[in-house]
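# Examination of the molecular architecture
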Amino acid sequence: MKKILIAACAGTLMTAAYASDTPQDYTHVLPLTTSARQGVLQLRLPKDVYLHARSPMLDDLRVFDASGALQPFALRTPGAEARISHRDRPLTIFPLTSAAGPASRLDLDVSTTTDGRLVSVKLKPEAGAATTNAPQLAALVLDLGKDAANLPVDALRFTLPAGTQEYSAQVWLETSNDMKQWDTVGAAELNWLVNKDAQTLSNDRLAFDARNFRYARLSWRSGTPVQFASITAEQPTQTITTLPAEQLLIQPTAGRQPQDLLYATPPAIAPLKAGLQFSDNNAVLAGTLGVYRELPARQAGQGATWRFDPLVSATFYRILQGDQVRSSGDVDVPPVHATQWVLRTSVPSPLKPALRLNWQPATLVFLASGNGPYTLAVGRASATPVARDLSQVAPGFSDAEVQKLEQVSAGPAVQQQGSGVQDASSALEAATAAQRRLIVLWGVLLLGVGVLGFMVWRLVRSSRSTPPAS
């Protein structure tokens, strides 16, 4: 009965300790700044969050509004983003004139060099066509250059001739690689409009699906043909961009073996790359980076309760050769959450390099549904996770829309001093103290019962041994 009562009291204390979930229950808070009062916002987690988090998976992360209400949030790992940019490529223009005017059928007489560069292009005379009219512009042939077949094009941009401000026409585009077989690409309406304030509204691009070609032929379906001052091909180039990684430099301490260097690491950091930073020049150190693992009780034998798990081996160095410094870069490591990283060498070394860890912070997406300003809180051992799936925080948002969400800025982490912060360890200490007090109370009570029973026993015994009075 006594044990049951003690356990119940301890459980009540622990439940009361974790029932509270306010900013004051966390060791550090970071103020958030945003121009939007409500809506779905995002924040790239700052380094302070990883330095002060108690949970490897950031289970002790919270977002609160001004009244202390918890805001729903999700965590996502940002990946590499593909961005499309364009490079301009000027084209060589060959005008085609015809006495019969614009024709629907263009038979070309082409002269090229050995590398395919156009020297001249003209229309073959049509049988029976009148030749008394003055030649008129019928089409334009464009040459992209000898290396154009290796670079796709997805648009042409036009510039009007000097002195022309307003123009409107429908143009037709065909492409070819040999000037013999032509593929129809499409048409576009080109317009340049000028108002009374000399403001120009223009549609000067002909866009199409990206394709490789050497030559192009431009003809008119409506409007007056003009020889444009320039025509530029737009070549799309895709660049993969990644957000800059966070970096932490950790100084070593002695490990469990003479050849080990120990680096205390925040548990929330799962590095993608690691390297050594030497304080002196001309230092070379070959070793293995790994972590210590606790052994289960059934595997622990002969006093050993841990083992060293190697993760990656490399030779790290910093060499000064003349005016040039050669240094080893960071190496890829498995993303492991550990409170200690270890560098093990074959023999003990006098070198004490710092460990450099690089990791990609997560992005926090939260629904600002309360009253600002908002606060990010972190730092509570054994906290229960409250992060949700992204579809429950930003339902209906595409990946592109999520990436374009407004970015929230976070201020520096503020440690809460004397604000009633109570984490799992303090709650456990309180429960343990309550158990001790309860045990002492029961001990005193039982002792009092024992003394009282002894006194009653003495009285009963003395009354039995005394003869009755006559």
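Higher on the page you've got the structure.
Here the structure is a predicted model, which means the values were calculated and not measured.

Locating leucine 289 in the fold gives a position in strand 21 (residues 283-294). Along the chain, leucine 289 and valine 333 lie 44 residues apart, while their C-alpha atoms are 8.7 Å from each other. In contact with leucine 289, not counting residues within four places along its chain, are Ala274, Phe308, Pro310, Leu311, Val312, Phe316, Trp341, Val342, Leu343 and Leu355.

Relative to the helices and strands, aspartate 65 is located in the loop between strand 3 (62-64) and strand 4 (73-76). Within the buried set, aspartate 65 has no salt-bridge partner at all; the shortest N-O distance to an opposite charge, 13 Å, is to arginine 62. In this structure the side chain of aspartate 65 is engaged in a polar contact, spanning 2.7 Å, whose partner is the backbone nitrogen of alanine 69. Of the polar contacts made by the side chain of aspartate 65, one reaches the backbone nitrogen of asparagine 371; its length is 3.3 Å. Beyond its immediate chain neighbours, meaning those up to four positions away, aspartate 65 contacts Gln71, Gly370, Asn371, Pro373 and Tyr374.

Moving on to empty space enclosed by the protein. The gaps left among the atoms become clear once a water-sized probe is rolled over them. Counted according to the given criterion, the structure contains one cavity of 30 Å³ or more. Approximately 60 Å³ is the volume attributed to the largest cavity. Forming the boundary of the largest cavity are Pro258, Gln259, Asp260, Leu261, Leu285, Leu343, Thr345, Ser349, Leu351 and Lys352. Class assignment for the residues of the lining of the largest cavity results in five nonpolar, three polar and two charged.

On to the sheet that holds strand 19 (residues 260-264). In space, the six strands of this open sheet follow the order 18-19-25-21-22-23, with antiparallel pairing throughout. Of all strands in the sheet, those with a lone pairing partner are strand 18 (253-254) and strand 23 (324-327), marking the two edges. Sheet topology note: the strand 21/strand 22 (residues 306-321) ladder contains 12 bridges and is antiparallel. Residue pairing across strands places leucine 289 opposite valine 312, the latter belonging to strand 22.

What follows covers the environment of arginine 388. Its place among the elements puts arginine 388 in the loop between strand 28 (375-378) and helix 3 (390-393). Overall, arginine 388 belongs to the partly exposed group, its relative accessible area being 44%. In this structure the C-alpha to C-alpha distance between arginine 388 and phenylalanine 73, which are 315 residues apart in sequence, comes to 6.1 Å. In this view, arginine 388 contacts Pro72, Phe73, Ala74 and Val393; residues no more than four positions away in its chain are not counted.

Another aspect to go through is the pairing of strand 26 (residues 354-359). Burial analysis of strand 26 places six of its six residues in the buried class, which makes it a mostly covered element. Side-chain alternation along strand 26 places Ala354, Arg356 and Asn358 on one buried face and Leu355, Leu357 and Trp359 on a second face that is also buried. Pairing analysis gives five bridges linking strand 17 (residues 246-250) to strand 26, with the strands arranged antiparallel. For leucine 249, the partnering residue across the bridge sits in strand 26 and is arginine 356. Pairing of strand 20 (residues 273-277) with strand 26 involves five bridges; the strand directions are antiparallel. The residue bridging glutamine 277 from the neighbouring strand is alanine 354, located in strand 26.

Taken as a whole, the largest pocket spans an internal volume of roughly 330 Å³. Forming the walls of the largest pocket are 15 residues, and the residues nearest its centre are Tyr50, Thr77, His337, Gln360 and Ala362. Taken together, the residues of the lining of the largest pocket break down into 12 nonpolar, three polar and no charged.

The next subject is the nonpolar core. Soluble globular proteins tend to pack their nonpolar side chains together in the buried interior. Membership of the largest hydrophobic core comes to 46 residues, with the highest contact counts inside it found for Leu45, Val49, Tyr50, Leu61, Trp341, Phe366 and Leu376. Of the residues forming this core, the biggest block, four residues, is contributed by strand 21. Not counting chain neighbours up to four residues away, the residues in contact with leucine 376 comprise His28, Val29, Leu30, Leu32, Leu43, Leu45, Val49, Leu61, Arg62, Val63 and Leu364. The next biggest cluster of nonpolar side chains, apart from the first, holds 28 residues, and it includes Ile93, Leu144, Ala188 and Leu190.

Overall, the coordinates contain 11 aromatic pairs when judged by the stated rule. Geometrically, the ring pair formed by tyrosine 167 and phenylalanine 228 is edge-to-face, given 6.2 Å between the ring centres and 90° between the ring planes. With tyrosine 167 in strand 11 (residues 167-176) and phenylalanine 228 in the loop between strand 15 (215-222) and strand 16 (230-241), this pair connects stretches of sequence that are 61 residues apart. In terms of burial, tyrosine 167 and phenylalanine 228 fall into one category: buried. Between the aromatic rings of tyrosine 292 and phenylalanine 308, the centroid separation amounts to 6.5 Å while the plane-to-plane angle is 75°, which identifies the pairing as edge-to-face. Remark: phenylalanine 308 occurs in strand 22 and tyrosine 292 occurs in strand 21; sequence separation between them is 16 residues. In this structure, tyrosine 292 and phenylalanine 308 share a single accessibility class: buried. In this structure an aromatic cluster arises from ring pairing among Phe158, Tyr167, Trp192, Trp220 and Phe228. Here arginine 256 stacks its cationic end above the ring of tyrosine 292, 5.0 Å away from the centre of that ring. Just above the ring of phenylalanine 308 sits the side chain of arginine 344; from NZ or CZ to the centre is 4.4 Å.

The next thing to look at is a nonpolar patch on the surface. Taken together, Leu447, Val451, Phe454, Met455 and Trp457 make up a surface patch of nonpolar side chains, about 540 Å² in accessible area. Along the chain, phenylalanine 454 turns up in helix 5 (residues 424-465).

Cut-offs used in this document
- Each residue is numbered by its place in its chain's sequence as written, counting from 1.
- Note on the predicted model: pLDDT of at least 70 is required for a residue's local features to be given, and 80 or more for side-chain atom pairs to be given and counted; whole-chain, interface and lining totals, by contrast, use all residues.
- Processing note: side-chain calculations cover all non-hydrogen atoms of the structure and skip hydrogens and water entirely.
- We count a stretch as a helix when DSSP gives it H or I for four or more residues in a row; a strand needs E for two or more, and each element gets its number in order from the N terminus.
- The contact criterion used is simple: two residues touch if any of their non-hydrogen atoms lie within 4.5 Å.
- Only protein chains enter the accessibility calculation, which uses a 1.4 Å probe. A residue is then buried if its area is under 20% of the maximum for its type, exposed if over 50%, and partly exposed in between.
- Asp and Glu are treated as the negative residues and Lys and Arg as the positive ones, with His and the ends of the chain left uncounted.
- Throughout this description, the term salt bridge denotes a Lys or Arg side-chain nitrogen within 4 Å of a carboxyl oxygen of Asp or Glu.
- Polar contact criterion, stated in full: a pair of N or O atoms within 3.5 Å, where within protein one must be able to donate a hydrogen and the other to accept it, and residues adjacent in sequence count only if both atoms are side-chain atoms.
- Only protein atoms enter the 1 Å grid used here. Points where a 1.4 Å probe fits but cannot escape make up a cavity, open sets with protein on both sides within 12 Å along at least five of seven lines make up a pocket, and a residue lines them when an atom lies within 4 Å of a point.
- Grid points are joined across faces, edges and corners, and a volume is the space filled by probe spheres set on the points.
- We call Asp, Glu, Lys and Arg charged. Ala, Val, Leu, Ile, Met, Phe, Trp, Tyr, Cys and Pro are nonpolar, and the rest, Gly among them, are polar.
- At least two bridges found by DSSP between two strands are what make those strands a pair.
- Put simply, a nonpolar core is a bunch of buried Ala, Val, Leu, Ile, Met, Phe, Trp, Tyr and Cys residues held in one set by side-chain atoms that sit within 4.5 Å of each other.
- Only the six-membered ring of Trp is used, alongside the rings of Phe and Tyr, when aromatic pairs are assigned; centres must lie within 6.5 Å, and planes under 30 degrees apart are stacked while those over 60 apart are edge-to-face, with the rest tilted.
- Whether a charge sits over a ring depends on NZ of Lys or CZ of Arg being within 6 Å of the ring centre and within 35 degrees of the ring normal.
- Patches in this entry comprise residues that are over 30% relatively accessible and not in a salt bridge; like charges within 9 Å are linked, as are nonpolar side chains (Val, Leu, Ile, Met, Phe, Trp, Tyr) within 5 Å.
- For every accessible area listed, the method is Shrake-Rupley and the probe measures 1.4 Å; residues are considered covered only by the protein chains on display.

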